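Chain by chain, the residues run as shown.
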Amino acid sequence: MELAVFFKSVIDQDRAPVVLCDLAHTIVYMNPAATTRYAGRGGADLIGRNLKDCHSPQSNQRIDSAVDWFRADKSHNLVFAYRMEKENSDVYMVALRDTDGTLIGYYEKHESRTNETMKQYDLY
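Residues numbered from 1 in each chain as written. Predicted model: local features only at pLDDT ≥ 70, side-chain atom pairs only at ≥ 80, totals over all residues. Heavy atoms only, no water.

K.L.:
What should I look at first to understand the pairing of strand 3 (residues 78–84) in this one?
P.N.:
Along any regular strand, the residues point their side chains to alternate faces of the sheet. Looking at chain direction, strand 3 and strand 4 (residues 89–97) are connected through 6 bridges and run antiparallel. When the bridges of strand 4 are listed, Leu 78 appears paired with Val 94. Hairpin connection from strand 3 to strand 4: 4 residues lie between these consecutive antiparallel strands, with Asn 88 at a positive phi of about 50°. (Pairing = 2+ DSSP bridges. Helix = DSSP H or I, 4+ residues; strand = E, 2+ residues; numbered from the N terminus.)

Structural data, given as structure tokens:
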């Protein structure tokens, strides 16, 4: 089986929103958590649209700065974007690179800081 199928499944099963963009800021993929989170803004219909249309001029400047930083060096791959207190989560921009390390895009990743409430290995 192709490895890409496994990687897509990892992202699809993530409970945190993940939005992937190319270097033109076109949204190329949203996992199910992202389409649900951004349903009020269009959900899955945002795929193919420009991410910068969803942000303020100030946010767009920060996005551009992060992408420029990613381009500057192959070791530049993670930027803390902001903290969401109401959701107890941190939001990051992460570089996407091809097998040669060339920047091909970026993604937004939310990481929750809320303790898990499920019981360990409770399958029922």
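K.L.:
How do you make sense of the environment of Thr 35 when you look at a structure like this?
P.N.:
Mapped onto the secondary structure, Thr 35 falls in helix 2 (residues 32–37). The spacing of Thr 35 and Glu 108 is 73 residues in sequence and 13 Å in space, taken between C-alpha atoms. Excluding residues that lie within four positions of it along the chain, Thr 35 makes contacts with Met 30, Gly 43 and Ala 44. (Contact = heavy atoms within 4.5 Å.)

K.L.:
Explain the packing of aromatic side chains here, please?
P.N.:
Aromatic rings in a pair are described by how distant their centres are and how their planes are angled relative to each other. Throughout the structure, instances matching the rule amount to 2 aromatic pairs. For the ring pair Trp 69 and Phe 70, a centre distance of 6.0 Å and an interplane angle of 50° mean the geometry is tilted. On the numbers, 5.7 Å between centres and 65° between planes, the contact of Phe 80 with Tyr 92 is edge-to-face. On the criterion of sequence distance, the pair formed by Phe 80 in strand 3 and Tyr 92 in strand 4 is long-range, its members being 12 residues apart. (Phe/Tyr/Trp six-rings, centres within 6.5 Å; stacked < 30°, edge-to-face > 60°.)

From the geometry alone we can't say anything about function, so treat these as descriptive.
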